[in-house]
Every structure is written in structure tokens, then in C-alpha cells.
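Descriptive structure summary
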Amino acid sequence: MRRVPGPSPEPLFLASATRLIEHDAAAALPAHTLMARAGTAVAELALALAPHARHVWVACGPGNNGGDGLMAASRLHQWHRTRHTGTQITVTFCGEPDRLPDDAANAWQQLQASGLAVSEHPPEEFDLAIDALLGIGARRRPEGRLAEHLQQLRQTSATVLCVDVPSQLDGDTGAAWSNGGLPRTPPGPRHTLSLLTLKPGLFTADGRDAAGTVWFDELGIQPPTATPDARLFVPEHATPTRPHATHKGRQGDVIVLGGQHIDLNGASMVGAALLAGRAALHAGAGRVFVGLLADTQHPIAWDPASPELMLRQPDTLLNPTLLAHACVVCGCGGGEAVEAVLPGLLEHAPRLVLDADALNRIAESPALGRQLKQRRQRDAVTVMTPHPLEAARLLGSSTTQIMGNRLQAARTLSETWGTVCVLKGSGTVSATPRLPPLINASGDPALATAGTGDVLAGLIGAALAAIPDNLDDETLLTTVATAVHRHGLHAEQWSQNHPGRPMVAGWLAAQG
Ligand SMILES: NC(=O)C1=CN([C@@H]2O[C@H](COP(=O)(O)OP(=O)(O)OC[C@H]3O[C@@H](n4cnc5c(N)ncnc54)[C@H](O)[C@@H]3O)[C@@H](O)[C@H]2O)[C@@H](O)CC1
Ligand SMILES: Nc1ncnc2c1ncn2[C@@H]1O[C@H](COP(=O)(O)OP(=O)(O)O)[C@@H](O)[C@H]1O
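Residue positions are given per chain, counting from 1 as you read along its sequence in written order. Each chain gets a letter, beginning with A, and each ligand a number, beginning with 1, in the order they are written. Residue-level local features of this predicted model are given only where pLDDT is at least 70; pairs of side-chain atoms are given and counted only at 80 or more, and the full residue set underlies all totals for whole chains, interfaces and linings. With hydrogens and water set aside, each side-chain value is computed from the structure's full complement of heavy atoms.

Turning our eyes to something else, we now look at the UniProt feature "binding site: (6S)-NADPHX" (unreviewed entry) in the protein chain. UniProt positions are given in the numbering used here, feature names are shortened, and annotations may be inferred rather than shown by experiment. Per the UniProt record, the feature "binding site: (6S)-NADPHX" (unreviewed entry) sits at Ala272, Gly333, His387 and Asp454. Note on placement: Gly333 falls in the loop between β14 (326-330) and α11 (338-348). Any two residues whose heavy atoms approach within 4.5 Å are treated as being in contact. When near neighbours in sequence (up to four residues on either side) are disregarded, Gly333 contacts Gly258, Gly259, Gln260, Met269, Ala272 and Asp357. Strands here mean DSSP runs of E at least two residues long; helices mean DSSP runs of H or I at least four residues long; both are numbered from the N terminus. Inspection of the secondary structure puts His387 in the loop between β16 (381-384) and α14 (388-395). By relative accessible area, which is 30% here, His387 ends up partly exposed. Leaving out residues up to four positions away in the same chain, His387 has contacts with Leu423 and Lys424. Partly exposed describes any residue whose relative accessible area lies between the buried limit of under 20% and the exposed limit of over 50%, with all areas from a 1.4 Å probe on protein chains only and scaled to the type maximum.

Structure representation (C-alpha cells):
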């Protein structure tokens, strides 16, 4: 058993793939072995998390997830009885013993043999709860007694250890089953022990809040050889160091086009473009040019906080020779003015990051959409970085639908437009056609503040500016995901060093 994430990317499997893996593993072992191992693993982690618990509630459901709980309860009961600890175990069961699947029925018999009776009601007080109500078999919003037990688990300030997948969560998507989402702040420590495979829903959408700290036990089975449905991404390689004899022309140029001027319609978004530019600069771009859009009446000539940025009239930056050697970041604070530069960029920029208003304009314009799709045929590199609302506009759907299946949404966006798609939010998903998407393992709620998306666009721009031409899809995806990971890691470092204090995007941009 180990804590997740580890030092390298982790394969993630949907419920359908997990069932095939479970089927093959079970066929190669004596009957009930997997569930016996699962129960032991749950009991061991429970003891490690709350060694001095006086009262443990094991909440079991009607299927094999409940079977894991019944098995864990037998193990815990045996452990405490032989050591005379006095710890009380209360087991509840929402289901019908006669209708339990085979493995769980065996676990039920073992519980009966252990002498531990099943209780009608959860205990009034407990210091550890084991959530074994529903796992990957959950298919709808819980109701009745099971829903009541789930509600108690959601609201308790005691430690909760979820078996395989939190019962309130769809393990494939990370969407909560419950109406109204999860409590804003989980009231107590939360842990999830994922069994046999890691599931993508633990790491995106509502997954991180519901699962808490994730642990993984393979149950003694060799890692699956099947292609995973997704990967939990952490970078494996350190950023390469620069050779001594280098110069700024070799580090890559970034051009930022965005930051609509206040003259246009009374709303300035200049800061967004400057944040992207600063982030690119601090991430190591050799030169960063910024073209502020609609900046005609009172041109801004320099950024006092970042005098290294080179501000230019946008027209001068649309020069194909300059574009050919640069990565363009387009859209940050671009407003409506971005429409004027998009056709030229889609045609001539070999490396392009499309953010915010660039995405909104493309969502509205079939002609721009066609131009975007043609880029892949020319091997031009395009990364789009939508947040869920921008993604919904691009797909003609709603944020609820996007959040209902973030992996699918990122995949559809990347396949529809032939781009790398970075669907932002808790557990940012980076996808490219035909490869398993990557769920970012870093990041925290400190990022939920204006401008951090602009910073991310700048970081991705600098990363793309620095890589050689004609990279394969996998390296490109990894390059983008590494920038996403770095962005999240900086936020985590802020939260660690400044607990409770809000982070601002300007600070993040300066971390590079
Ligand atoms: N069979 C085995 O040896 C192993 C099983 N494992 C466990 O088995 C789980 C999967 O078991 P199952 O396929 O039985 O699925 P679950 O136990 O997750 O749930 C299926 C049961 O819950 C019911 N159900 C689904 N949604 C419900 C809802 N909203 N309200 C009320 N009832 C609902 C279904 O009708 C079915 O009876 C895994 O998540 C894992 O915990 C793992 O431990 C690996 C080994
Ligand atoms: N709760 C969160 N956990 C992790 N990352 C988050 C969270 N909230 C926001 N982020 C990240 O912060 C950034 C916000 O981007 P975006 O919504 O485009 O903001 P803006 O347009 O103001 O720059 C994205 O990278 C997103 O993934």
C-alpha cells in the first residue's frame, strides 16, 4: 500500500476496465482471495490512521464494496479482541444478505463467524468511520437508508476512510452523486483507499474534496498491461539546464496578444496580457513581446513592474518571420478586439496557445473554427486552455455537462479541434487526440483567483517556445502537462508557506 501521487505518473482505469482487470485477477486466484486482501488492506489502513480509536463505525452497502467493509470489520474485530483494546466496532448494513454477490456473501458469513453482530443504527459517536456503502458499482443518486448513512459520513468531523471510491462520487468522472454538491469544506480528515486500480474520478471535479488523501493497494496483482484510460500526471524529469554558451535567441520567443485597452469599451483587461507575459518571462523565455489590443489612443509603452517585457503595436507582431520563431499566447484579456488578429495567427503562427477570449471568439465563429481545425493538417501546434464555461461554449453545452465528465469533455475538445486541450479547474485535464488524457496531480484552491489562468497561458507559451519543432504528440502533451503541474506546485508552495493567506496571480507569475 502506498500514498498517491508518487514520484511518477499513475495509470488510471474506468470502472469498465477495472472490472476486466478484477475478472482476470480473480480467475487466477482461489475464490474470495481478492476481497480477503481488500478487507485486510482496509483494516490495516484504518489502524494506521486512527490507532487509538475507541469507536469505529463500518458502514456497509449492498454489493462488493460492502463486502470489503464486512471483511475489514471482521479483521478489525479480531485484531482488537486479541489485544483487549476495548475498541468497539459497529457494523451497519444497507442491503439484503440473501442478495449479496458471491464474494460479499462469503464476507457476510465470515462476519457472522467472528461473533460481531450487525447493528440497525450507526453509533451516536465514533472517531473513525469506514465508508463501504458504494464503490465502482454506484450508478445513481443514493436514496433511503443508504442515503441517510452517506449523509452522516459527509457531515462527520471524525476521520472517514472510504473504500475504493467515496460513496458520494462517480469514480469514472469525479462528479458527486448528491444534489447540491459536496460540503464546501470537508468537516474532518478524509482518506480513500483505492483497490486494484486507481480511478480517475478521485483526482478531478469533486474528487479531490471527496477522496481526501488517496492511498492505493494493488491487492498483490501485477500492474495491468492494458492501456490506461487516463494518467495522474507528475513530471518525471527535471527541467534541463541550459548550456553555458547560449544566448537569449536560443531560449525561445513568446508573443502575447491580448489585454484589450480601456479605450475600446471602457473595460481594460491589460493586466491579463501583462500577467501572461510576466509568467513567460519568469519561466525562462528568451524574449517576450506583448501586443496590447485596441491600444490606439493612449498607448502603453512599458510595464514598470516588468521592464523586460517588450511592448509592441500588435500589427508589428503579426509579421510571419517573427511568428515563425515564436510561440504566440493569444486571448488573455483580449475581449472583442482579439477577433482582428485571430485569422492571421491561425494561419501563420506555428505554435499557438489560445486562451479566454480567443476561445470565446472561436466558439462563435464557424470560419475561425475551420481555420483552427486546418492547423493540425499543417502540423502546427495548438494548445487551448478553456475553463469549464469556455469549454461549454466551444462544445455548445453547459458547465454542468462539462463538470459531469471532465475527461470526456477534454477529449472531445482535443479531438474536435485537433489541439492539445487543457481543461482547467481542480484536477486540470490535458488531452490530445488518441492518447490517454493526463490529470494534473498538483494545485490547490489558492489558484481560485483572477489572473491565474493568464499566468498558466504564459507558462505554457514559454514551455512551447523552448522545445524543438516536430515533436511527437506524447512529448508535446507531457511538455504542456509539465507547465500545468508547475503552476499548481507554486500554488501549493504558497499555501504551505502562507497558511490561510490568499495568493495573487502577480506573485504566481513571478515564480515562473
Ligand atoms: N469482488 C472482489 O473480489 C473485489 C471487489 N472489490 C470491491 O467491489 C466494489 C464493486 O462492487 P460491486 O460491483 O458489487 O459494486 P458496489 O458494491 O459499488 O455497488 C453495487 C451495489 O450497489 C447497488 N447500488 C448502486 N447504486 C446504488 C444507489 N445509488 N443506491 C443504492 N444501491 C445502489 C447496486 O444495485 C448493487 O447492489 C469495488 O468498488 C470494490 O470496493 C475490490 O475490493 C476488489 C476485489
Ligand atoms: N480549486 C482549484 N484547484 C486547483 N486549481 C484551480 C482551482 N481553481 C482554479 N484553479 C486553476 O486556476 C486557474 C484559473 O484560470 P481561469 O479560470 O482562466 O482564471 P483567469 O481567467 O482569471 O486567469 C486555472 O489554471 C485553474 O486550473
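Position of Val429 relative to the elements: it lies in strand β18 (residues 429-431). Among the residues examined, Val429 registers a relative accessible area of 0% and is labelled buried. Among residues more than four places away in sequence, those in contact with Val429 are Thr204, Arg406, Leu407, Ala410, Cys421, Val422, Leu423, Pro437, Leu438 and Ile439.

Before going further, it helps to spend a moment on the site of ligand 1. Near, as used in this document, describes a residue that has one of its heavy atoms within 4 Å of the molecule or strand being considered. Close to ligand 1 lie 24 residues; Asn64, Asp68, Gly135, Arg140 and Asp164 are nearest. For the purposes of these results, a polar contact is taken to be a pair of N or O atoms within 3.5 Å, where, inside protein, one atom must be able to donate a hydrogen and its partner to accept one; residues adjacent in sequence count only when each atom of the pair is a side-chain atom. In this structure, an oxygen atom belonging to ligand 1 sits 2.7 Å away from a side-chain N or O atom of Asp68. Between ligand 1 and the protein, one listed contact pairs an oxygen atom with a backbone N or O atom of Ile136 at 3.0 Å. Per-residue accessibility takes into account occlusion by the displayed protein chains alone, with areas from the Shrake-Rupley method and a 1.4 Å probe. When the free accessible area of ligand 1 is taken as 870 Å², the share hidden by the protein chains comes to 85%. Within the residue set of the shell around ligand 1, elements represented by two or more residues are α1 (15-27), α2 (33-49) and α3 (64-83). Side-chain classes are defined by residue name, with Ala, Val, Leu, Ile, Met, Phe, Trp, Tyr, Cys and Pro counting as nonpolar, Asp, Glu, Lys and Arg as charged, and the others, Gly among them, as polar. Per-class residue counts for the shell around ligand 1 are 11 nonpolar, five polar and eight charged.

Further remarks concern the side chain of Asp164. In this fold, Asp164 is placed in the loop between β7 (159-163) and β8 (190-195). In this structure Asp164 comes out as buried when scored by relative accessible area, which is 9%. When near neighbours in sequence (up to four residues on either side) are disregarded, Asp164 contacts Asn65, Ile136, Thr192, Leu193, Ser194, Leu195, Lys199 and Leu202.

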